[in-house]
Amino acid sequence: QIPKDPTQRWLRELAALSQQLQQVHPNVLAKILKQRTVYQNEEIVVIDKPYGLPVHGGPGIKNCIADVLPILAKMLENMKADPLHLCHRLDKETTGVMVLARSKEAAEKIRLLFKTRQVEKIYWAIVLGDPDPVDGVVEIPIVEKEVQSHQSHYKMTLAPNYRLCPEDGKVMKIRKNRSAESAVTRYRRLARASACSLLELQPITGVKHQIRVHLAYGLGCPILGDHKYSHWSKLAPQKLPELTLRRLKLEQSKARHLPLHLHAHRLCLPLGQPLDFVCKPPLFFQKTLRKLQLDIPKD
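Residues numbered from 1 in each chain as written. Predicted model: local features only at pLDDT ≥ 70, side-chain atom pairs only at ≥ 80, totals over all residues. Heavy atoms only, no water.

The protein is annotated in an unreviewed UniProt entry as Pseudouridylate synthase RPUSD4, mitochondrial of Panurus biarmicus. Listed in UniProt under the heading Sequence similarities (unreviewed entry), the comment for the protein reads: "Belongs to the pseudouridine synthase RluA family." You can read under Subcellular location (unreviewed entry) in the UniProt record for the protein the words "Mitochondrion". (UniProt positions renumbered as here; feature names shortened; annotations may be inferred.)

Shown next as structure tokens:
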């Protein structure tokens, strides 16, 4: 049954695409990634990662990028090619620039660049609301915690070093959570409309779900379609402002189908000379920008 409403149809297609990527033969998946290759040299291959494709395997995951790296290497080079290697990860729902290495040595070299924060990463995200101030740095440690609710689950959350004293409202330092990782995200607003904003983000550190947590819990501006981090204690679809729903031609009851709007837009890799890679946001992201009347900045 195909929904009459174009927005419903478009969201259904996106969900179907994500499921299809799980059902295709690994050779077909490798072919899709080959078509999405944006750059290659003797050391690296850069791909534009599609939406809904996990980087690593796990329970219930049939297809992932890691599993098809040997096939992709052969398609790109020749039958004797060594498998490609992962250098960093993107969340399953995140799209955009991803670097793979042709050898173990190259992979280790690039992983070290990531670890020592020499790789410049720029993301774009559509968020609910408007950050205040419109640009700045969020520097709050992040920790994984179990959420006690009707169904227990784990989430990353903030572990601040300071809090306000209830008696006099003064800022006081609190004992550091030993398992928290320091996390720093630079952000600036590029556009705002329809109760949403388009933000440019630069994660200085690389903690799991860092951008999502800093935006949702640090700035109070969760990413559009981030149903996991729009609430703390419950697993529920994101609640959208009236104006946003109207512009997207969407009912709140269908908001759970909205995809995560987070895109790895640009990556600068200092390998000998600096290599700069840019991937345009995927079609669904561009459509949302148009519907919300958020103007993409001209590079």
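Moving on from the model shown.
1. Re the environment of Arg-192
When you line up the elements, Arg-192 lands in strand β11 (residues 184-193). Since its relative accessible area comes to 55%, Arg-192 is described here as exposed. With 40 residues separating them in the primary sequence, Arg-192 and Ser-152 have C-alpha atoms 36 Å apart. In this structure Arg-192 touches Asp-130, Ser-197 and Leu-294, once residues within four positions along its chain are discounted. (Helix = DSSP H or I, 4+ residues; strand = E, 2+ residues; numbered from the N terminus. Buried < 20%, exposed > 50% of the residue type's maximum accessible area, 1.4 Å probe, protein only. Contact = heavy atoms within 4.5 Å.)

2. Details of the packing of helix α2 (residues 26-35) against helix α3 (residues 65-76)
Contact geometry of α2 with α3 gives a least axis separation of 8 Å together with a crossing angle of 65°. In terms of their interaxial angle, α2 and α3 are classed as roughly perpendicular. Taken as a pair, α2 and α3 cross one another with a handedness that is right-handed. In this structure, α2 uses Pro-26, Asn-27, Leu-29, Ala-30, Lys-31, Leu-33 and Lys-34 to contact α3, whose residues at the interface are Ile-65, Val-68, Ile-71, Leu-72, Met-75 and Leu-76. Counted by class, the contact of α2 with α3 contains ten nonpolar, one polar and two charged residues. (Axes fitted to C-alpha atoms, helices over the stretch in contact; angles between N-to-C directions. Parallel < 35°, antiparallel > 145°, perpendicular 65-115°, else oblique. Left-handed = near helix turned anticlockwise from the far one by under 90°. Nonpolar A, V, L, I, M, F, W, Y, C, P; charged D, E, K, R; others polar.)

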